[in-house]
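Each chain, written out:
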Amino acid sequence: MGQHPPLRRAERGADRAVGWKQSLTASAVAAKVGPKRMQRKLTVILSADIVGYSGLMERDEAGTLARLKENRKSLFDPRVAAHGGRIFKIMGDGVLVEFPSAAAAVTCALDIQAAMGTAEAHRSDAERLRYRIGINLGDVIVDGEDIYGDGVNIAARLQGLASVGGVAVSRSVSDQVSGKLDATFEDLGLHTVKNIDAPVHVFAARASAAAPAQQQAAEKRPAISICVLPFANMSGDQEQEFFSDGITEDIITDLSKVSALWVAARNTAFTFKGKPVNIPQAARQLNVTHVLEGSVRKAGGRVRITAQLIDAGGGHVWAERWDRDFNDIFALQDEISEAVVKALKLKLLPEEKQAIERRDTKNAEAYELFLLARQFDRTGSERMKPIIVRICRKVVELDPGFARGWALMAMTLSEMLQRSVPGYTFEEAEAAAARAVSIDSEIAEGHVAVAEVKIRTGQNFLEGKALIDKALALDPSCYDAHVLAGYIYIGLEQWHDCIRHFEIACSLDDDAYRPAGMVAQAYEAIRDEERLQASAQRSLVRCEKLLRVEPDHSGALGFLISALCDLGQRERAREVAKRVDLFDPDNMRLRYNAACGLAKLGGADVETAIDLLEPMVGKINFGWVNWMDLDNSLDPIRDHPRFKAFRAALRAQLPGGEPRSD
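Thresholds applied
- Residues numbered from 1 in each chain as written.
- Predicted model: local features only at pLDDT ≥ 70, side-chain atom pairs only at ≥ 80, totals over all residues.
- Heavy atoms only, no water.
- Helix = DSSP H or I, 4+ residues; strand = E, 2+ residues; numbered from the N terminus.
- Buried < 20%, exposed > 50% of the residue type's maximum accessible area, 1.4 Å probe, protein only.
- Contact = heavy atoms within 4.5 Å.
- Phe/Tyr/Trp six-rings, centres within 6.5 Å; stacked < 30°, edge-to-face > 60°.
- Core = buried A, V, L, I, M, F, W, Y, C linked by side-chain atoms within 4.5 Å.
- Expected span 1.5 Å × (residues − 1).
- 1 Å grid on protein atoms, 1.4 Å probe; cavity = no way out; pocket = protein on both sides within 12 Å on 5 of 7 lines; lining within 4 Å.
- Points joined across faces, edges and corners; volume = space filled by probe spheres on them.
- Nonpolar A, V, L, I, M, F, W, Y, C, P; charged D, E, K, R; others polar.

A. Here's a closer look at the overall build of the chain. Secondary structure summary: the chain contains 29 helices and 14 strands in total. For the chain, the residues scored as buried account for 53% of the 662 residues in total. Counted over contacts in the chain with a minimum sequence separation of 6, partners at least 24 positions apart contribute 67%.

Have a look at this one:
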């Protein structure tokens, strides 16, 4: 992460936040004591601000102000007026606009972003003026010429979730304009946002010509749609939760193979896990025509599954109960998926039926153990990693043809090797990854595993990118693929692609700390100071949540230190860094991540950072040394004499003396 003044930046952000609150407070007070009458109404709000505005101002305050003023005069304001919008509040680089319709707001936003791309094309990425835009249709309070309330707040939160140069809209806006504009709307799932009780369903709006190739080629969303809610575990044993979750995920996967049916993604469906669900309300929130819910009871050698299909109005369409021998679990899953398709009166094509019935294992014991290992993996616990490997070894012993078992083992081995856990080799990880792909080249996890090992051992980014592209073509919602894609694009210094993949990974797993921490590094690379602050805060929250459960979690500790440094909490960062040698002194990944955080603080902290790095000599591989040459987190200390000596010592430990092969 590059050099920046974290304290000044934090203070500036606080000043802007105070100004915003004062504006709202003043409006509220005036409404109580003045003659103007407040009223509520449903309206469309557009919120826009300039990406990395603070950094632009620091580098050239007068020039940035002049450019922004000219941009508003010649580009932004005329397009707002042309589409019937009314600017009701300006806050530095931020603008709030009211529109008469959702269609007008979205059309205007896409017009602005297209014009900005042309107007700023001659400038470097770091110097361009670029907007993020959020649009919401909601209830607001009108106070004279001012507007405020949740409808405005949600628009502002959507703006923060938009990509650089992008437009993010709420479900209410997407529903209003979908199919009516020459635009596509990518479902980004449910997001929990600050000061809003209910999760916000977010969509990325793009002009059709600007949509990704895979979206342009995609067919329209089918008329029939469904969300499979997490099946309840009725086994009387909390430890069987992994099994009910696994059954749910596999039903989602099976139904996703039916071309006439749209299926809500797993991450969206699992936001309802463990919560009382009002089916009609959930259906409206997700914009689906049907919801499938059920339960799983596993006892001894038998399994009982109940399922019921409910329409958006709350009416029961179909229900069934199965009580089978556990060894019949695969045939049972086929029956459930096919029964749902039949109840929805959809046609199941022969190739779709074949795809549903195609299983990567027929061994019930291996399948159950794999679900257990996958659940352990999703907890993020480092303590469970050796157990996951042992379980996966048993899985592939029971069924040597179980590709997902090999893939999970390869990914876990690679991660442990990065922490210098003894007793494992990259050769074993590489063999497991290759085995997964040789067994089944149509599962995303196999290609991710191969790419992971290649990146860890040799930093072949272009080859890794090709593998990840294939994985995402097979499964666009593959969390591991998006995380690894983010790392690959750091290596290629393609920061906006890096940000896109890490942000998607963050949305796919609300607890994932690693993409949350890494995307902060990417925002720093493009000098987007405001987004850096927001992402660092998100990383902090996620790391602290994990550390409350597992205080010695080295991954979370390392990213916590970086987040604290980004947020200007220097003393706390130093206190946490002291735990490195106390908790896990031989963990090279922890030493490295802590050093990357402290390196940006300057002064005596640089010496501490290099103290943490020096024991890595002779203990890390070719790929990691190569990564150090690319990692912008270390840029602040590259010219330090001690770091240069450390780098030379690393170089000397490698065959041929240099990590690069090109």
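From this point, the discussion proceeds with the structure in view.
B. Up close: the packing of aromatic side chains. A complete count under the given rule lists 12 aromatic pairs for this structure. Ring plane angle 75° and centroid distance 5.8 Å describe the contact between tyrosine 592 and tryptophan 624, whose orientation is recorded as edge-to-face. Placement of the pair is tyrosine 592 in helix 26 (residues 588–599) and tryptophan 624 in helix 28 (residues 622–630), with a sequence separation of 32 residues. Among the residues examined, tryptophan 624 registers a relative accessible area of 6% and is labelled buried. These aromatic residues form a ring-pair network of at least three members: Phe461, Tyr487, Phe502 and Trp627.

C. Expanded view of the nonpolar core. The biggest cluster of nonpolar side chains holds 155 residues, and the ones touching the most others in it are Phe243, Leu292, Ile305 and Ile329. Ranked by the residues each element gives to this core, the list is headed by helix 15 (residues 403–418), at nine residues. Those residues in contact with leucine 292 that lie beyond four places of it in its chain are Ile226, Cys227, Val228, Leu229, Phe231, Ile251, Ala307, Gln308, Leu309, Trp318 and Val340. Formed by 37 residues, the second largest nonpolar core is a distinct cluster that contains Ile50, Leu56, Phe76 and Leu137.

D. Quick look at helix 15. Under the 1.5 Å per step criterion, the end-to-end length of helix 15 is 23 Å for 16 residues, consistent within 8% with the ideal 22 Å. Burial analysis of helix 15 places 16 of its 16 residues in the buried class, which makes it a mostly covered element.

E. Focus on the environment of isoleucine 391. Relative to the assigned elements, isoleucine 391 resides in helix 14 (residues 385–398). Judged by relative accessible area, which is 11%, isoleucine 391 ranks as buried. Residues isoleucine 391 and leucine 369, spaced 22 residues apart in sequence, show a C-alpha to C-alpha distance of 6.6 Å. Once you skip the residues sitting within four places of it in the chain, isoleucine 391 turns out to touch Leu369, Leu372, Ala373 and Phe376.

F. Structural context of helix 4 (residues 102–119). With 18 residues, helix 4 should reach 26 Å at 1.5 Å per residue; the first-to-last C-alpha distance of 26 Å fits that figure. Taken together, the buried positions of helix 4 are occupied by Ala102, Ala104, Ala105, Val106, Cys108, Ala109, Leu110, Ile112, Gln113, Ala115 and Met116.

G. Highlighting the layout of surface pockets. Roughly 460 Å³ of volume is contained in the second largest pocket. Around the second largest pocket, the lining comprises 18 residues; the ones closest to its centre are Ile154, Ala198, Pro199, Val200 and Gln285. Mapped by element, the contributors of at least two residues to the lining of the second largest pocket are strand 4 (131–143), helix 5 (150–161), helix 6 (171–177), strand 8 (200–207) and helix 10 (279–286). Looking at the lining of the second largest pocket, the element that brings in the most residues is strand 4, giving four residues. Classifying every residue of the lining of the second largest pocket gives six nonpolar, eight polar and four charged.

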